[in-house]
Amino acid sequence: MQGVVKRYGNAVALDYVDLAIYEGEIVGLLGPNGAGKTTLIQTMTGMVPIERGTIKLFGQSNNPFTHANKEKLGLVTQEITVYDELTAKENLQFFAGVYGLKGSERKERVQEALAFVGLAEYADKVPTKFSGGMKRRLNIACALTHRPKLLIMDEPTVGIDPQSRNHILESVKKLQEQGTTILYTTHYMEEVQEIASRVVIMDQGQMIKGGTVDQLIQSIQHEERIHIDVADTSLLPVEQLQSIAGVMHVDVAGTRVTVISTAGSGNVDRILSLVKEYTGVLGIQTENPDLEDVFLTLTGKQLRDGGGEA
Amino acid sequence: MTVFRFVFLRSFRNTTNLIFLTLFPLVCIFMPQGDPWPVLPYGYQLFGVFLLFVSIRLASYIQVDRMSGVVKRLSIAPLSHASYLSQHLLAYLLIIMLQCVILVYGGVLYGQPLIQPFLLLILYISYSLAALAIALAWITLFRNKELAFFGFMSFVFLVSVLGGIIVPVSMFPEWLARIAVLFPTYWLAEGQLWIVYGNELGDFLFVNVVLWLYALVFMIIGSTRKLR
């Protein structure tokens, strides 16, 4: 997609967004709630029309949402979109049928998808009897029976246990090995770090930065992160800390203040002295940046900050 | 026709639905004849109210699809909105037609004085089309299934009373009788009157055409609002 703009009333959900996804990669789309991730998915799948820009799907930019192209697309929705009245197998049969699969081919694909997500034993059970993680896995399986070339996964691990999450992440990696291209949106940094070939950071409807995890971290290597545990955070001179030359971000959470500053600026001493003037220091720790720091540096906020999804 | 097939499966998988869809027409068959009104046995009058409830109950599956996000998933599949909707409506219509057949020919077997059973069946089918279309249009107004259902109950009560199914229109003051023609239930009652007393086939056809027009108008309203 190139130069894509989408507005809802006066709110700009996508602001001249450019995004390219190449065959065989897993693109991790990171962004806080309200960043525009869901709108991005809706526009790139043709669910909602765009106001400006172009969308090219499987090399086709003029009317990209043809039936033939739709057959190559798969969507794992953020909500669990399966039928409660139907068994796991019937749910898969339904979605496979919608994609035109019939007879023995459909039967095979349904069994394959059930086995892939580890639900073969539960084929004849209805989703109401499933745990949250099993429902999520069924939700994924429903998007796999037609073997999509491009699979879009919209926060597929929201609200599930670590075991199911691991299972899903392993499945995603296996799908990539089988040749599926995946767009994986999430606000869990660690998931992206684990599976994505490339990461794209999005905020307030804009693409902020893209690259591999290493490239992104490298881009902020000139920064250092200082964590200081203090006796009373309410006494902290946050504004004064922010005004120190080289300090890019100050974040207070619980009893800890985190300061991101230019590396080698000698700010650690200055920051520590200033904090000590106002409150007791219980501990100090500096660390190398990770993806979380990249996000914080680029957007000025934590990935899991609140706000409604655009 | 995957959607069509699975609509059937979903409709009859739910036990409450199953009872609702099969038991009530059977009960209606055995209801007695009123004297001097209604012109057909009570069950055949009440069936008009019942069909409205069945319609909203069935149409609510479309609403559930919208609320749960299934429609979103389907919207990126190679399935057009028109195909999705028409397969749903066709399945619903067949379910309702089956109920009408059970009611009418069950009544014939039981010995109810239905005068012209085949034309009565035609009338019920025309009315079912209108009821389904109204239910489809109704659910597009709401994002909440329960709210839509309870709102529809009030609507059903209104059209049943004012449309001459519960109280004969002849008892209404003139101004209210004029309003009654706006409701599909009025045309069902008119059609039933014709079944018993009418002789001009054109009059019966007119009643059916009015019901088809209801169906057409509400079908357009209900289908142009995409359920996303």
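Residues numbered from 1 in each chain as written. Chains lettered and ligands numbered in written order. Predicted model: local features only at pLDDT ≥ 70, side-chain atom pairs only at ≥ 80, totals over all residues. Heavy atoms only, no water.

Comments concerning the overall build of chain A
Along its length, chain A carries eleven helices and 13 strands. Seen through its C-alpha atoms, chain A measures out along the principal axes to roughly 75 × 45 × 35 Å. Looking at chain A residue by residue over its 310 residues, the buried ones come to 52%. By sequence separation, contacts in chain A at least 24 residues apart represent 71% of the contacts at least 6 residues apart. Just so you have it, chain A exposes about 13,600 Å², and 45% of that area is on carbon and sulfur atoms. (Helix = DSSP H or I, 4+ residues; strand = E, 2+ residues; numbered from the N terminus. Buried < 20%, exposed > 50% of the residue type's maximum accessible area, 1.4 Å probe, protein only. Contact = heavy atoms within 4.5 Å. Areas by Shrake-Rupley, 256 points an atom, 1.4 Å probe, with all protein chains shown as cover.)

Here's the deal with the interface of chain B and chain A
Taken together, the contacts link 21 residues of chain B with 29 residues of chain A. Where chain B abuts chain A, roughly 2,400 Å² becomes buried across the two surfaces, and 61% of that area is made up of carbon and sulfur atoms. Ranking the residues of chain B by area buried against chain A places R73, I76 and P78 of chain B at the top, with a combined share of 35%. Taken together, the connections running from chain B to chain A amount to three salt bridges. Across the salt bridge formed by E85 of chain A and R10 of chain B, the nearest N and O atoms sit 3.4 Å from each other. Here chain B is connected to chain A by ten residue pairs in polar contact (both at pLDDT 80 or more). (Buried area = accessible area lost by both parts, 1.4 Å probe. Salt bridge = Lys/Arg side-chain N within 4 Å of Asp/Glu carboxyl O. Polar contact = N/O pair within 3.5 Å; in protein donor to acceptor, adjacent residues only side chain to side chain.)

Side note on the environment of A148 of chain B
Residue and element names in this part refer to chain B. Among the secondary structure elements, A148 is positioned in helix α7 (residues 145-162). Sequence-wise, A148 and A135 are 13 residues apart; in three dimensions their C-alpha atoms are separated by 9.4 Å. If near-sequence neighbours (up to four positions away) are discounted, A148 is found in contact with Q63, W138 and F142.

Quick notes on helix α3 (residues 42-68) of chain B
Residues and elements named next belong to chain B. Between its first and last C-alpha, α3 extends 39 Å over 27 residues, near the 39 Å set by a 1.5 Å rise per residue. For α3, the principal kink sits at G48 and spans about 30°. With 20 of its 27 residues buried, α3 lies for the most part within the structure. Two residues or fewer past α3, G69 is found with a positive phi of approximately 95°. (Expected span 1.5 Å × (residues − 1). Bend = angle between axes of the 7 residues up to and from the residue.)

Considering the sheet that holds strand β4 (residues 52-54) of chain A
All names here are of chain A. Read from one edge of the open sheet, three strands run β2-β1-β4, paired in antiparallel fashion. Single-partner strands in this sheet number two, and they are β2 (11-17) and β4. Shown here is a sheet whose adjacent strand axes are inclined to one another by a mean of 20°, direction ignored. Packed on one face of the sheet, helix α1 (residues 37-44) meets β1 (2-8) and β2 and runs near 65° to β2. (Pairing = 2+ DSSP bridges. Axes fitted to C-alpha atoms, helices over the stretch in contact; angles between N-to-C directions.)

Structural notes on the domain arrangement of chain A
Here the domain parsing of chain A yields domain 1 (2-217) and domain 2 (223-288). Relative to domain 2 of chain A, the C-alpha centre of domain 1 of chain A lies at a distance of 40 Å. (Domains from an automatic or database assignment.)

Considerations on the packing of α3 of chain B against helix α6 (residues 117-139) of chain B
Each pair of packed helices can be summarised by the angle the axes make with each other and by the distance between the axes. Residue and element names in this part refer to chain B. With their axes 8 Å apart at the nearest point, α3 and α6 run at an angle of 40° to one another. Of the two possible hands of crossing, α3 and α6 adopt the one that is right-handed. Contact residues: Y44, F47, G48, V49, L51, L52, S55, I56, A59, I62, Q63 and R66 in α3; L120, Y124, Y127, S128, A131, L132, A135, L136, W138 and I139 in α6. Of the residues in the contact of α3 with α6, the class split is 17 nonpolar, four polar and one charged. (Left-handed = near helix turned anticlockwise from the far one by under 90°. Nonpolar A, V, L, I, M, F, W, Y, C, P; charged D, E, K, R; others polar.)

Here we look at the pattern of salt bridges
Under the definition given, this model contains 15 salt bridges over all chains. In this structure, the salt-bridge partner of E112 of chain A is R147 of chain A, at a minimum N-O distance of 2.8 Å. With E112 of chain A in helix α4 (residues 103-116) and R147 of chain A in the loop between α5 (132-141) and β6 (150-154), this pair connects stretches of sequence that are 35 residues apart. The exposure class assigned to R147 of chain A is partly exposed, which follows from its relative accessible area of 47%. What emerges from the salt-bridge pattern is a single network uniting E85 of chain A together with R10 and D65 of chain B.

Quick look at the pairing of strand β3 (residues 26-30) of chain A
Residue and element names in this part refer to chain A. Burial analysis of β3 places five of its five residues in the buried class, which makes it a mostly covered element. The alternating pattern of β3 places I26, G28 and L30 and V27 and L29 on opposite faces, both of which are buried. Sheet topology places β3 next to strand β7 (residues 181-186); five bridges connect them, and they run parallel. When the bridges of β7 are listed, V27 appears paired with L183. Judged from the four bridges that link them, β3 and strand β8 (residues 198-203) form a sheet pairing that is parallel. Note on β8: the bridge partner recorded for L30 is I201.

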